[in-house]
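Next come the chains, spelled out residue by residue.
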Amino acid sequence: MSDAARADARVIGRAVHALDEVGSTQAEIAWLAAEGAPEGVVVTARHQRAGRGRLGRAWWDRAGESLLLSVLLRPEIVPGRAPQLSLVGSLAVVDAVAAETGLTPGMRWPNDVMVGERKICGVLAEAATGAGGRLDRVVLGIGLNVNQAEFPPEVAARASSLRLLTGRVHDRDRLLAALLAALDARYREFLAEGESLRAAWRRHSVTLGARVRAADGREGVAVDLDDTGALLIRAEDGALLRVASGEIAGAPAA
Ligand code: BTN
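The model shown is predicted, which means the values in this text are computed figures rather than measured ones. Position numbers for residues start from 1 in each chain and track the written sequence from start to end. Where totals are concerned, whole chains, interfaces and linings use all residues; where local detail is concerned, this predicted model gives features only for residues with pLDDT of at least 70, and gives and counts side-chain atom pairs only at 80 or more. The basis for every side-chain value is the complete set of heavy atoms in the structure, and neither hydrogens nor water enter the calculation.

Caption draft 1: Structural context of the overall build of the protein chain. The helix and strand tally for the protein chain stands at six helices and twelve strands. Each radius of gyration reported is based on C-alpha atoms, and the globular scaling rule is 2.2 Å times the count of residues to the power 0.38. Computed over the C-alpha atoms, the radius of gyration of the protein chain is 18 Å, within 12% of the 18 Å expected from 2.2 N^0.38 for a compact globule of 254 residues. Each principal axis of the C-alpha atoms in the protein chain carries an extent, and together these give about 55 × 45 × 35 Å. Across the 254 residues that make up the protein chain, the buried fraction comes to 48%. Every residue pair with non-hydrogen atoms within 4.5 Å of one another is taken to be in contact. Sequence separation of at least 24 residues holds for 61% of the intrachain contacts in the protein chain that already meet a minimum separation of 6. Residue-level accessible areas treat just the shown protein chains as cover; the underlying method is Shrake-Rupley with a 1.4 Å probe. Of the roughly 12,000 Å² that the protein chain leaves accessible, carbon and sulfur atoms contribute 52%. Looking at the protein chain, you have 31 positive and 32 negative side-chain charges, and the mean spots of the two groups are 2 Å apart. Secondary structure elements follow DSSP: runs of H or I no shorter than four residues count as helices, runs of E no shorter than two count as strands, and numbering proceeds from the N terminus. Between buried and exposed lies partly exposed: a residue is buried under 20% and exposed over 50% of the maximum accessible area for its type, with that area taken using a 1.4 Å probe on protein chains only. Only four residue types enter the charge count: Lys and Arg as positive, Asp and Glu as negative, with His and the chain ends excluded. To locate a charge, take atom NZ for lysine, CZ for arginine, CG for aspartate or CD for glutamate.

Caption draft 2: Structural detail: the sheet that holds strand β4 (residues 106-108). Two strands form a pair only when DSSP identifies at least two bridges running between them. The strand order across the open sheet formed by seven strands is β1-β2-β3-β7-β6-β5-β4, and the pairing between neighbours is mixed. The open sheet terminates on both sides in strands that have one partner only, identified here as β1 (15-22) and β4. The mean angle between the axes of side-by-side strands here comes to 20°, regardless of whether they run parallel or antiparallel. Inspection of the sheet shows β1 paired to strand β2 (residues 41-48) by seven bridges, in the parallel sense. Within β2, the residue paired with L19 across the bridge is A45. Relative to the sheet, helix α2 (residues 25-34) contacts β1, β2, β3 (66-73), β6 (118-129) and β7 (135-145), its axis offset from that of β2 by approximately 145°. Geometry is summarised by axes, namely lines fitted to C-alpha atoms with helices restricted to the contacting stretch, and by angles between N-to-C directions that run from 0 to 180 degrees. Helix α5 (residues 172-192) rests against β1, β2, β3 and β7 of the sheet, and its axis sits at about 30° to β3.

Caption draft 3: Representation of the site of the ligand in the model. By nearness alone, 21 residues border the ligand, and S24, Q48, R52, R54 and K119 come closest of all. In the analysis that follows, any N or O atom pair within 3.5 Å is treated as a polar contact, provided that within protein one partner can donate a hydrogen and the other can accept it, and provided that, for residues neighboring in sequence, both atoms belong to side chains. Between the ligand and T25, the relevant distance is 2.9 Å, taken from a nitrogen atom to a side-chain nitrogen or oxygen of the residue. Note that an oxygen atom of the ligand is positioned 2.7 Å from one of the side-chain N or O atoms of K119. Considered on its own, the ligand offers 420 Å² of accessible surface; in the complex 98% of this is hidden by protein. Broken down by class, the residue content of the shell around the ligand amounts to six nonpolar, eleven polar and four charged. When we say a residue is near a molecule or strand, we mean one of its heavy atoms is within 4 Å of it. Only Asp, Glu, Lys and Arg are considered charged in this grouping, and only Ala, Val, Leu, Ile, Met, Phe, Trp, Tyr, Cys and Pro are considered nonpolar; every other residue, Gly among them, is considered polar.

Caption draft 4: Looking closely at the environment of R158. You can see R158 is positioned in the loop between β7 and α4 (162-166). A sequence separation of 14 residues divides R158 from L144, and the C-alpha atoms of the two residues are 14 Å apart. With sequence-adjacent residues up to four places away left out, R158 is seen in contact with E117, R118 and K119.

Shape is all these values report; function is a separate question.
Structure follows, in structure tokens:
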């Protein structure tokens, strides 16, 4: 396929609404979706007044420093597969950041992109079901720290930006183009249901092999991801625990 034909065949980013200031790009996409917008529409913003993170948290930004975007997806899948889309999003960020900056980011299950111990990006997949419990859409939100020179004290010890990590300012439009291309490629892999995506998750995971504690207090070593994207943890008594969603923390060394 020629480059031009490949660009035409692209689903993600076939329409990009670049907005200045919004409440949340997630809400902007939900409105477009309610009006019948097709899969692949993207909304970006320079600033969000009410950015949303996972688990009901807020997502802070200062205007013009981050890449803030949401993508409308309408995959024909069972609702149980929807959480995997946050892994698809994180993996696309890993691909794009590695290609554009030379950094080697890793994925902390379920949705964080890390460089070393610091978070550079969060991904939020919000699913909506329709009649008969059918999956109507997933809004995939990505917040990537690009040109911050500093962070508020609450997150300063845990967050970083591409600028802080590379010592240079990055072109957000160029990063966006690389990210949408990577997302399009990874989303196709997801729809094809092959093993390649799970192999890539394993390869880039900084969680596998680490001692972790699930939100319910269960501890062990993260040993794999199952085919739904859930984390498998080998507990000290040998039991295999499956954590489908939520959060994990580093567990104290045994
Ligand atoms: C997390 O908690 O790590 C996920 C953060 C997701 C933030 C992005 S920024 C663009 C999109 N719009 C939002 O309101 N949230 C997501």
